[in-house]
Amino acid sequence: MNKTIKQALWVLIAILGAGAVGGIALNRGESINAMWFITAALCVYAIAYRFYSAWIATKVLLVDETRATPAERLDNGRDYVPTNRWIVFGHHFAAIAGPGPLIGPTLAAQFGYLPGTLWILIGAVLGGAVQDMVTLFLSTRRNGRSLGQMARDELGPIGGIAALIGTLAIMIILIAVLGLVVVNAMKHSPWATSTVVATIPIAVFIGLYMRNIRPGKVLEASLLGVVLLLLAVAGGGWIDHQPGLRAIFDHDGLPLAVGVIVYGFAAAILPVWMLLAPRDYLSTFMKLGTIMLLAVAIILLQPEVKMPALTQFTDGSGPIFGGALFPFVFITVACGAISGFHALIASGTTPKLLANERDIRMIGYGSMLLESFVAIMAMIAATVLDPGVFFAINSPAGVVGRDAATAVATINSWGFAVTVEQMENLARQMGETTLFARTGGAPSLAVGMASIFSSAFGQGMLAFWYHFAIMFEAVFILTTLDAGTRVGRFMLQDMLGNISPRLGETSWYPSVLFSSALVVAGWGYFLYIGVIDPNGGVNILWPLFGIANQMLAAIALCVGTAILIKSGRLKYAWVTGFPLLWLVVVTTTAAWQKIVSPDVRIGFFAAADDLSAKLAAGVLTPEQAKVAPQLIFNQHLDAWLTMFFIAVLWIVILDMLRVSFRNLSGKPVSSVTETPYVPTRLGKVQA
């Protein structure tokens, strides 16, 4: 009877989910309720987790809960520590949940709500969660080895070295984009800037509190930290109304970029307990709490999605970024569906904490589904805005015009109604001087979140909720920025150790300072590129970020596919091979278009040539002419970087195919590097 009831329940969930997805996909002409998005997401995630992830764990990966993990076998109380699975889940989610699932869906909404939503759902359950789970399993079976090390061991030195170099380069681009999003959110916003700045001493104080003042009082420190973060938001509002203090925090993009660079360098060299660990810890509460609060507010309000299912910009003429629906919706959404950055975490700290292999499914597959749900929330928050407001906030001044009247006229000509008075009133309600051309996705997402929160929990608090949302996004971003800078430093030190063993010592302070400076200089330069770009930087950096991030995911899936084939599980290789094939098609197509397209809004070389011609013709303003040579160089640099990324990807792919064909032909290949079986002694204590 119980079995029959369970089967009937899952059939009901499947029917409900299919109806919700069908309603989203087929609806045209009328607004659709946001509840359909939540219903579709929860049903799809439930079915995928219950059936697909369980099948992968038992049939494809052969997860063995009787096998001792590296955390148990190599337990040293520092790096390898058997840890409760819920704590590991929280750590893993905090590490992977950067700004990608927030910003990507928001930017992709220029195509309409439908393409991004479908890719978030399908990409996560068939691609992103599979990549995370498989990578975590393979690293756990190899003593917690990194993705680059596994590529070198399983594919050989050529593919392995390409993967190592490509991973570091991708990390540089990723951090630069994160910094750009923060800068665009804080630009000429004293409230936002002061709130974000306040989170840094709060994190340091909580770190000192838990280490020296009240050791062991974790709950006490957590409550204190959350209260201080909320006070920082309220204090930012007070500062915004004090003329003397307001001026201190009112800056253009460039000074803010310098501040972010200094912060990144400090985060990389300070002890991990002082800034990185407490920020990660506090961010977990903020991330999960805010997303759950947003879901509750949407359920209570059941707002209507105002963005159409498809806009006219699917042809590539969109104002936020250039490029047609295929392949750029998949590149833009990025982390909400599949993220190569996750592979660095799944093959980094997380496998060193797992107490039992049975937890791989929950932590690897489950945490990606939770991040995908964050992306669905971001899509809802962006699309419940009036489309005219959405495009007014996200369209760069270089596209719509630098004055409000011109921008409004341009947006209205697209068929999306908006007025100067509407935007001025909205900015005043949000506690901002203007919301025009606030590119990067963060401000429009904050406006959407604030509208939902204020409608559900208090109409008179729009400005507070807006800056709370900005702080929430900044916590997401800075957590990944400082962690990414530190990881990049470790990777660079590992490479430099081949030149000089002393430079490879992570405890030698001169090496720490030198390698941190190199990493920060790398992403700091690309952040500078974005800040001086008259189109807001998103056009030039986000596609490069998306291509690089998806390329890294393809590398992780290459390693997984090769190991499945070498392990005699060819019939299951499609589990990683199918998403790998899709990513190869998407990334190669996007890269090809960014390199050779004659459209100045898409092709890097085309944009550089167009700007060179305008500079030579003398049609640029003095301000534009001053930065034009730098922008021309940057466009060329981005083009060559794109070619480099694709070359790295295809080197790894060809190496994977070489190893696979040799194995299937019975020719000798390097043996699978899985560690021998050792029975666990932990039992169910850590479950």
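Residues numbered from 1 in each chain as written. Predicted model: local features only at pLDDT ≥ 70, side-chain atom pairs only at ≥ 80, totals over all residues. Heavy atoms only, no water.

**Points about the overall build of the protein chain**
Heads up, the condition is: In DSSP terms, a helix is any run of H or I states spanning at least four residues, a strand is any run of E spanning at least two, and both are numbered starting from the N terminus. For the radius of gyration, the atom set is restricted to C-alpha positions; the globular benchmark scales as 2.2 Å times the number of residues to the power 0.38. A 1.4 Å probe rolled over the protein chains alone gives each residue an accessible area, and that area as a share of the maximum for its type sets the label: buried under 20%, exposed over 50%, partly exposed in between. Between two residues, a contact is recorded if the distance between any of their heavy atoms is within 4.5 Å. Where accessible areas are quoted, they stem from the Shrake-Rupley method and a 1.4 Å probe; at the residue level, only the protein chains shown are allowed to cover. Positive residues here are Lys and Arg, negative ones are Asp and Glu, while His and the chain termini are left out of the count. We put the charge of a Lys on NZ, of an Arg on CZ, of an Asp on CG and of a Glu on CD.
Assigned secondary structure in the protein chain consists of 27 helices and 2 strands. In terms of C-alpha radius of gyration, the protein chain reaches 24 Å, essentially the compact-globule figure of 26 Å for 687 residues. Its C-alpha atoms give the protein chain principal-axis dimensions of roughly 70 × 65 × 55 Å. For the protein chain, with 687 residues in total, the buried portion stands at 58%. For the protein chain, the proportion of contacts with a sequence separation of at least 24, taken over those separated by at least 6, is 83%. Total accessible area on the protein chain is roughly 25,500 Å²; 68% of this is exposed by carbon and sulfur atoms. With 42 positive and 36 negative side-chain charges, the protein chain shows a separation of 11 Å between the mean positions of the two kinds.

**Concerning helix α12 (residues 253-269)**
What counts is decided by this rule: In this scheme, a helix's expected span is set at 1.5 Å multiplied by one less than its residue total.
For α12, which comprises 17 residues, the first-to-last C-alpha distance of 25 Å matches the rise-based estimate of 24 Å (1.5 Å per residue) to within 8%. All of the buried residues in α12 are Gly-253, Leu-256, Ala-257, Val-260, Tyr-263, Gly-264, Ala-267, Ala-268 and Ile-269.

**Points about helix α17 (residues 387-394)**
Of all 8 residues making up α17, 8 are buried, and the element is well covered by its neighbours. Residues of α17 that are buried: Pro-387, Gly-388, Val-389, Phe-390, Phe-391, Ala-392, Ile-393 and Asn-394. In this fold, the buried residues of α17 make contact with α5 (100-108), α16 (359-383), α19 (404-413), α20 (420-429) and α21 (442-457).

**Regarding the side chain of Ser-597**
Our working definition: Contacts described as polar in this section are N or O atom pairs within 3.5 Å, which, within protein, must combine one atom able to donate a hydrogen with one able to accept it, while residues neighboring in sequence count only if both atoms come from side chains.
Mapping Ser-597 onto the fold places it in the loop between α25 (574-596) and α26 (604-617). Overall, Ser-597 belongs to the buried group, its relative accessible area being 14%. Within the structure, the side chain of Ser-597 is placed 3.2 Å from the backbone nitrogen of Asp-599, a separation counted as a polar contact. Each residue touching Ser-597, except ones within four places of it in the same chain, is listed here: Trp-592, Ile-602, Gly-603 and Ala-606.

**Considerations on the side chain of Thr-350**
Along the polypeptide, Thr-350 turns up in the loop between α15 (341-346) and α16. A polar side-chain atom of Thr-350 sits 2.8 Å from a polar atom in the side chain of His-92. Once you skip the residues sitting within four places of it in the chain, Thr-350 turns out to touch Val-88, His-91, His-92, Leu-136, Ile-345 and Ile-363.

**Brief notes about a nonpolar patch on the surface**
The cut-off we apply is this: In this scheme, patches are assembled from residues that exceed 30% relative accessible area and form no salt bridge. Like charges are connected within 9 Å, while nonpolar side chains (Val, Leu, Ile, Met, Phe, Trp, Tyr) are connected within 5 Å. For this document, the term salt bridge refers to a Lys or Arg side-chain nitrogen within 4 Å of an Asp or Glu carboxyl oxygen.
A contiguous nonpolar patch, built from Leu-570, Trp-650, Leu-654, Leu-657, Phe-661 and Leu-664 and spanning about 580 Å² of accessible area, is present on the exposed surface. Taking the relative accessible area as the measure of exposure, Leu-664 reaches 46% and is therefore partly exposed.

**Observations regarding the packing of α26 against helix α27 (residues 622-664)**
For any two helices packed against each other, the geometry is given by the interaxial angle and the distance between the axes. Basically, it comes down to this: To obtain an axis, a line is fitted to C-alpha atoms, over the contacting stretch when the element is a helix, and the angle between two such axes runs from 0 to 180 degrees between their N-to-C directions. Should an angle fall under 35 degrees it is taken as roughly parallel, and over 145 as roughly antiparallel, whereas 65 to 115 is taken as roughly perpendicular and any remaining angle as oblique. Whether a crossing is left-handed or right-handed is set by the direction in which the near helix is turned from the far one by less than a right angle, anticlockwise for left-handed and clockwise for right-handed. By the convention adopted, Pro, Cys, Tyr, Trp, Phe, Met, Ile, Leu, Val and Ala count as nonpolar, Lys, Arg, Asp and Glu as charged, and the other residues, Gly among them, as polar.
Axis separation between α26 and α27 bottoms out at 8 Å; the angle between their running directions is 160 degrees. By the angle class used here, α26 and α27 are roughly antiparallel. In this structure, α26 meets α27 at a crossing whose hand is left-handed. Taken together, the residues of α27 that come into contact with α26 (itself represented by Phe-604, Phe-605, Ala-607, Ala-608, Leu-611, Ser-612 and Leu-615) are Ala-625, Ala-628, Pro-629, Leu-631, Ile-632, Gln-635, His-636, Asp-638, Ala-639, Trp-640, Thr-642 and Met-643. Residues of the contact of α26 with α27, tallied by class, amount to 14 nonpolar, 4 polar and 1 charged.

**Considerations on the pattern of salt bridges**
A side chain with one charge can pair with a side chain of the opposite charge if their charged atoms come near. All told, the structure shown has 14 salt bridges when counted by the stated rule. Linking Glu-674 and Arg-67 is a salt bridge whose minimum nitrogen-to-oxygen distance equals 3.6 Å. Of this pair, Glu-674 sits in the segment after α27 while Arg-67 sits in the loop between α2 (35-60) and α3 (70-73), and the two are 607 residues apart along the sequence. Since its relative accessible area comes to 30%, Glu-674 is described here as partly exposed.

**Topic: the nonpolar core**
Condition: Buried residues of nine kinds, namely Ala, Val, Leu, Ile, Met, Phe, Trp, Tyr and Cys, make up a nonpolar core once their side-chain atoms join them within 4.5 Å.
Tyr-45, Tyr-365, Ile-376, Met-377, Ile-380, Leu-435 and Trp-523 are the most contacted members of the largest nonpolar core, which totals 214 residues. Apart from the residues within four sequence positions on either side, Tyr-45 is in contact with Ile-120, Leu-121, Val-125, Leu-369, Ser-372, Phe-373 and Ile-376. Grouped together as the second largest cluster of nonpolar side chains are 7 residues, Ile-532, Ala-608, Leu-620 and Leu-631 included.

**Examining the environment of Gly-116**
Its place among the elements puts Gly-116 in helix α6 (residues 113-140). Sequence separation between Gly-116 and Ala-375 is 259 residues, and the spatial gap between their C-alpha atoms is 9.4 Å. What Gly-116 contacts, discounting residues up to four positions off in sequence, is Val-329, Val-333 and Met-379.

**Quick notes on the packing of helix α8 (residues 157-186) against α27**
Put simply, α8 and α27 touch, their axes get as near as 9 Å, and they point 145 degrees apart. Our pair here, α8 against α27, has a crossing hand that is left-handed. On the side of α8, the interface is formed by Ile-158, Gly-159, Ala-162, Ala-163, Ile-165, Gly-166, Ala-169, Ile-170 and Ile-173, while α27 contributes Leu-641, Phe-644, Phe-645, Val-648, Ile-651, Val-652 and Asp-655. Here the contact of α8 with α27 is composed, by residue class, of 13 nonpolar, 2 polar and 1 charged.

**Thoughts on the packing of aromatic side chains**
We apply this condition: Two aromatic rings, drawn from Phe, Tyr or Trp (for Trp, its six-membered ring), form a pair once their centres lie within 6.5 Å of each other, and the interplanar angle then sorts them: stacked below 30 degrees, edge-to-face above 60, tilted otherwise.
All told, the structure shown has 22 aromatic pairs when counted by the stated rule. Summarising the aromatic geometry, the rings of Phe-453 and Trp-465 are spaced 4.8 Å apart at their centres and angled 35 degrees between planes, so their arrangement reads as tilted. Here Trp-465 lies in helix α22 (residues 462-496) and Phe-453 lies in helix α21, a separation of 12 residues in the sequence. Trp-465 sits in the buried class, given a relative accessible area of 10%. Centre to centre, the rings of Phe-605 and Trp-640 are 6.2 Å apart; their planes meet at 85 degrees, and the pair counts as edge-to-face. Of this pair, Phe-605 sits in helix α26 while Trp-640 sits in helix α27; the two residues are 35 residues apart in sequence, bridging distant segments of the chain. Overall, the relative accessible area of 21% leaves Phe-605 in the partly exposed class. Members of the aromatic cluster, each reached through a chain of ring pairs, are Phe-313, Phe-390, Phe-391, Trp-414 and Phe-416.

From the geometry alone we can't say anything about function, so treat these as descriptive.
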